Amino acid sequence: MNERESLFRRLSAACGERGAAVEEPLPGGAPTAPEGDRVALFAKTFTAAGGVLLRGPVEKALSDLGEMLRSEGVTALFFPEDDAAAREIAEALVPFGPFNLTTGAEVRGGSAAVTAGFRAAEAAIAETGTIVETSAGGKTLLPGLIADVHVSIVPAASVVARMEEALAAFTEDPPRNISFLSGPSKTADIEQTLTVGAHGPKKAIALMVG
Amino acid sequence: MELNANAFGRNARKALLDKTLQEALGRTTGRFQAHRDAAVAALPEFEATRERASRIKGDVLDHLDTYLARFIEEAEKRGTIVHVARDAAQAREIAARIAWEEGITLAVKSKSMASEEVSFNEALQGAGVTVVESDLGEFIIQLAGEAPSHIIAPAVHKTREEISLLFERHLGEPRTDSIPELVGMARKHLRAKFLSAGMGVSGGNFLVADTGSVVLVTNEGNGRMGTVLPRVHLAVVGIEKVIPRMADLPTFLRLLPRSASGQVISSYVSIVTGTRRAGDPEGPERMHLLLLDCGRSAILEGKYREILKCIRCAACLNSCPVYQSVGGHAYGWVYSGPIGAVLTPLLVGLPEAAALPDASTLCGACADVCPVKIPLPDFLLELRSDAREQGLKTPGEIAAMKGYAGVMKRAGLLEAIERIAGVLGQFFTKGKGISGLPYPFSGWTERRDFPAPAAEPFRKQWKIKRGVTR
Amino acid sequence: MPYTTGMDPKGPIPVSLFFTCLADAFSPGVCTATVEVLERFGATVRVPLSQTCCGQPAFNSGNRKEARAMARKFLLSFPDDGFIVTPSGSCAAMVKHGYPVLFRDEPRMLARARAIGERIFELSQFLVDVLGVTDPKSDFSGKVTYHDSCHLRRGLGVIEAPRKLLRAVPGIEFVEMEESDRCCGFGGVFSLKYPQISCKMTERKVERILATGASYVTSGDLGCLLNIGGLISRIGYPVKTIHLAEILAGKTAGKEDAG
């Protein structure tokens, strides 16, 4: 008998006959979907999570973003080759630079330049202030993973009310990676003092479009 | 991890005298709790969510064989290689074999309490693998050669001055008392490790049965890096971490960060399922999952089953005045605070940790905050009773209890003793408190007075007043 | 929320006093005060004299055999009808929640334990929730802060009743301390097994009490008060411990055994 069989023998003995497992999710518990404007709620929760939300007229948002990136010392804008929305925003930011554009592998190798990573979000969650990114369809997660600043491009129509809605698409066959990103990388491991940029981005920016 | 739980009393006394520790606890104590209370108050559905989570976990434990089998089937379908370890020795052996077969020389690890149970790092190091802890707190204590003292804030006992000293000594960084600078130093050092490690090691907060997914919740992003960048991902997870469905995950995600740190959600939740798919630009080529029994199936069988509902949020630690007084190391093993006082004896055997269930005033603060409603004080009482039944109590305590019960059997005898004590007490203390008592009461009178017994107990007074003759 | 008794609300209110072994031996004034307050609100108080200890110290330390013997005696000491009232949240919680555990394998005793558990109340709980008292008619005066005994607050869920009563006494300036619901460090046997930790907790409690500037700290459990008072008396802090029952009874109560 191998270890696994032996484990299941122990578990079955311990569980005994306890009737069938509950087949449907138990009712109750989930907060009712928030009333009103999901985008407005997202703006509130994302900000509470330490993120910065930019919305409104594109020109204004771009110039604000450019200034924000410069003040963070960003010199390189990194976007995935196949992410049209990210490319569009990154390219539009060049005049606010000086910024170099890159889709490149050098970022992965640990670029010395301060980098902003751009990526289109798959969804956003109003309840928690969360950007949803997944590896579905061969998409990369690097912009929000290794860059110093993460810029998410969020279509307003992609904002869902609660986590339930965001996960509904993945109950059958999820991609390798589903990531909920809520604000910058944080730590309070030293004297419980909240500090950003432990491993991931020091700044998380969401640019609301559409 | 080395077990030293029965030395709780000695460990605690040492902790109380440790000025640095007391200062660290003083700087942090209560903050978690205050944040948690505020976050809970802001979610009107918190109680309903808690109830639901407790019921889901109850259902899982009642049918753990079914749910775990489903999980394994789904995980394997998606390329995860599932291993099962009965005990710590087996877990170490399997981990070392995985590292050897995958040709790993450097592994980056994110926080995993389960891995501490089996002394995971030592096992890999024994197999020639360098293991770097990547959670900032774990990284700090790894440099210091210590064990975690808190489930979610492992270096809560270290001051910034101590940390800067460690970074100077081990990383060659200049001294600083700026916390952001310290964080930056660790980031730089660990980023290089993430980019070169062959294997990322993680724990797992939840295992989703209907999809075979492993869910990781972190704030720093280390769990995310370690499961995206290295070629191999190894998750070390206890078998009780299964939840039935993806649809149940939000319930737990609402409870865990709120209970742990008072956040609405942690910065990062990674739901990882199997290996990288065809066409994925990154992600591990190999995914191993090491499932730990290590005493869990035995717990499942008995009256403490519900302790396996625990989601390791540490709210019970943060609420516990005993934990706040002595910190986590006093508990002498991986888990501390109320959860440690119950779980440690159950995992390592009561004879090895009988001191822990006594390390509580039964104030009940832990049960108030537990997000899955584990009756921790009831379990502490139950374990104390088990200790008596297993012959783990001192003959002195048993004799004292027998004597005391003997007196209490007869009101007349009690009254006679009270009157003698009253006369003696009043004579020696002149109605003031007693400042020195013999063992086992000597601890009390070290820094507190003990009241003198009344000259005339109430029973006697009542009899006189109401003219009762017998 | 009024407690439904099924009894004639205008008829006599039969109460058996569960005076507790601790108060009997160390603070008989607390028992006298409890009787005085109960009688003030129309209760007919009888005192079963065969009662001793509910067995909590034995139960809490895991010595169930001895606890069971005491619990059995307790259950036989009290009559089959009327209320049982005690000036201790901890002892009431023991009977209510501890006894069903002790007798879980003895159906007959379990039934009796449950029945008695239904009829047992801590004093402030009884006054407010059962009798509907809003004015305790006490002439006590002074600045008072209140410590939540863990077992009264969490064991019985009694949080507001003592506060309502204290606030209703005209001579009392009531002031909440910070962390009023934090354990004082007593924990029964805990204070003997781990006295240093216990003391550390008590010190924090006393700091919070002193910060209020109150002249009195009160509580619904004598155990807490003996513990807190032990530290206060050793250092000589300018604050007195006094049981809730004594405050409710008023100025004249419990003077003879003060100290």
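Not measured: the values here are computed from a predicted model.

(A) Structural view of the overall build of chain B. Looking only at helices and strands, one finds 24 helices and ten strands in chain B. Here chain B, with 470 residues, has 66% of them falling under the buried criterion. Partitioning the intrachain contacts of chain B with sequence separation of at least 6 by distance along the chain shows that 73% fall at a separation of at least 24. Element-wise, carbon and sulfur atoms account for 54% of the exposed surface of chain B, whose accessible area totals about 16300 Å². Charged side chains of chain B number 59 positive and 53 negative; the gap between the two group centres comes to 7 Å.

(B) Spotlight on the sheet that holds strand β3 (residues 100–102) of chain A. Residues and elements named next belong to chain A. Taken in spatial order, the six strands line up as β1-β12-β7-β4-β2-β3 in an open sheet, and their pairing is parallel. Each having just a single partner strand, β1 (52–54) and β3 make up the two edges of the open sheet. Recorded for the sheet is a direction-independent mean angle of 25 degrees between the axes of neighbouring strands. Of the strand pairs in this sheet, β1 and strand β12 (residues 203–209) are connected by three bridges, and their pairing is parallel. When the sheet's bridge partners are listed, L53 is paired in β12 with A206. Sheet contacts for helix α2 (residues 38–48): β1 and β12; angle to β12, the most-contacted strand, approximately 170 degrees.

(C) Main features of the interface of chain C and chain B. Taken together, the contact between chain C and chain B spans 64 residues of the former and 66 residues of the latter. Of the roughly 5500 Å² buried between chain C and chain B on both sides combined, carbon and sulfur atoms contribute 58%. Here chain C and chain B share ten salt bridges between them. The residue R154 of chain C makes a salt bridge to D368 of chain B at a minimum N-O spacing of 3.0 Å. On the surface where chain C and chain B come into contact, there are 33 residue pairs in polar contact (both at pLDDT 80 or more). Listed by contribution, the elements that provide at least two residues to the side of chain C that touches chain B are α1 (21–26), α2 (28–40), α3 (56–60), α4 (64–77), α8 (150–155), α10 (190–193), α11 (195–212) and α12 (222–235) of chain C. The element that contributes the greatest number of residues to the side of chain C that touches chain B is α11 of chain C, accounting for ten residues. Broken down by class, the residue content of the side of chain C that touches chain B amounts to 29 nonpolar, 20 polar and 15 charged.

(D) Inspection of the interface of chain B and chain A at higher detail. On the side of chain A, 78 residues touch chain B, which itself brings 100 residues to the contact. Of the roughly 7300 Å² buried between chain B and chain A on both sides combined, carbon and sulfur atoms contribute 54%. Three residues, R187, R224 and R254 of chain B, lead the burial of chain B against chain A; their summed loss comes to 10% of the area buried on that side. For the pair chain B and chain A, the interface holds eight salt bridges. As a salt-bridge pair, E127 of chain A and R254 of chain B come within 2.5 Å of each other at their nearest N and O atoms. Counting every contact that joins chain B to chain A gives 43 residue pairs in polar contact (both at pLDDT 80 or more). The greatest single-element share of the side of chain B that touches chain A, amounting to nine residues, is contributed by helix α11 (residues 179–196) of chain B. Its residues placed into classes, the side of chain B that touches chain A shows 46 nonpolar, 23 polar and 31 charged. Bridging between strand β9 (residues 177–181) of chain A and strand β9 (residues 268–272) of chain B involves five bridges; their strand directions are antiparallel. Bridge pairing in β9 of chain B links F180 of chain A to V269 of chain B.

(E) Main features of helix α9 (residues 136–144) of chain B. In terms of burial, α9 of chain B is largely enclosed, as seven of its nine residues are buried. What α9 of chain B keeps buried is the set L136, G137, E138, F139, I140, I141 and L143 of chain B. Against the buried residues of α9 of chain B lie β10 (186–187) of chain A together with α7 (113–117), β3 (130–133), α10 (160–171) and α11 of chain B. One or two positions beyond α9 of chain B, positive phi appears at G145 of chain B, with a value near 70 degrees.

(F) Quick peek at the sheet that holds strand β7 (residues 216–219) of chain C. Residues and elements named next belong to chain C. Spatially, four strands are ordered β6-β5-β7-β8 in an open sheet, and the strand pairing comes out parallel. In this open sheet, the two strands that pair with only one neighbour each are β6 (172–174) and β8 (240–243). Here the strands of the sheet are splayed against their neighbours by 40 degrees on average, with no regard to which way each runs. Bridge analysis of strand β5 (residues 142–147) against β6 gives three bridges, and the strand direction is parallel. Looking at the pairing, V144 lines up with F174 of β6.

(G) A look at empty space enclosed by the protein. Residues and elements named next belong to chain B. Applying the stated criterion across every chain yields a total of six cavities of 30 Å³ or more. Put simply, the largest cavity is a space of about 120 Å³. Forming the walls of the largest cavity are 18 residues, and the residues nearest its centre are C320, P338, S360, C363 and C366. Residue assignment for the lining of the largest cavity shows that the elements contributing at least two residues are α16 (321–326), α17 (337–348), α19 (365–369) and α20 (376–389). If one sorts the elements of the lining of the largest cavity by residue count, α17 sits on top with three residues. Among the residues forming the lining of the largest cavity, the class breakdown is 13 nonpolar, five polar and no charged.

(H) A look at the pairing of strand β10 (residues 286–292) of chain B. Residue and element names in this part refer to chain B. Counted residue by residue, β10 has six buried out of seven residues, so it is predominantly covered. Bridge analysis of strand β1 (residues 80–85) against β10 gives six bridges, and the strand direction is parallel. Opposite H83, over in β10, you have L290 as the bridge partner. In this sheet, β10 lies alongside strand β7 (residues 232–238) in parallel orientation, the contact comprising seven bridges. Note on β10: the bridge partner recorded for L234 is H288.

(I) Looking closely at a nonpolar patch on the surface. Together, I420, L424, F427 and F428 of chain B make up a nonpolar patch on the protein surface, roughly 480 Å² of accessible area in all. Residue placement: I420 of chain B occurs in helix α22 (residues 411–429).

(J) Spatial organisation of the pattern of salt bridges. Under the definition given, this model contains 64 salt bridges over all chains. Across the pair E81 of chain A and R87 of chain A runs a salt bridge, and its minimum N-O distance is 3.4 Å. We note a salt bridge from D173 of chain A to R78 of chain B, for which the minimum N-O separation is 2.9 Å. Here the residue D173 of chain A occupies a position in the loop between α6 (163–167) and β9, and R78 of chain B occupies one in the loop between α5 (64–77) and β1, the pair thus bridging two chains. With relative accessibility at 12%, the residue R78 of chain B sits in the buried group. Sharing partners across several salt bridges, the network here consists of D148, R153, R163, R167, E176 and D181 of chain C.

Calculation rules
- Residues numbered from 1 in each chain as written.
- Chains lettered and ligands numbered in written order.
- Predicted model: local features only at pLDDT ≥ 70, side-chain atom pairs only at ≥ 80, totals over all residues.
- Heavy atoms only, no water.
- Helix = DSSP H or I, 4+ residues; strand = E, 2+ residues; numbered from the N terminus.
- Buried < 20%, exposed > 50% of the residue type's maximum accessible area, 1.4 Å probe, protein only.
- Contact = heavy atoms within 4.5 Å.
- Areas by Shrake-Rupley, 256 points an atom, 1.4 Å probe, with all protein chains shown as cover.
- Lys, Arg positive; Asp, Glu negative; His and termini not counted.
- Charge placed at Lys NZ, Arg CZ, Asp CG, Glu CD.
- Pairing = 2+ DSSP bridges.
- Axes fitted to C-alpha atoms, helices over the stretch in contact; angles between N-to-C directions.
- Buried area = accessible area lost by both parts, 1.4 Å probe.
- Salt bridge = Lys/Arg side-chain N within 4 Å of Asp/Glu carboxyl O.
- Polar contact = N/O pair within 3.5 Å; in protein donor to acceptor, adjacent residues only side chain to side chain.
- Nonpolar A, V, L, I, M, F, W, Y, C, P; charged D, E, K, R; others polar.
- 1 Å grid on protein atoms, 1.4 Å probe; cavity = no way out; pocket = protein on both sides within 12 Å on 5 of 7 lines; lining within 4 Å.
- Points joined across faces, edges and corners; volume = space filled by probe spheres on them.
- Patch = residues over 30% accessible without salt bridge, like charges linked within 9 Å, V, L, I, M, F, W, Y side chains within 5 Å.

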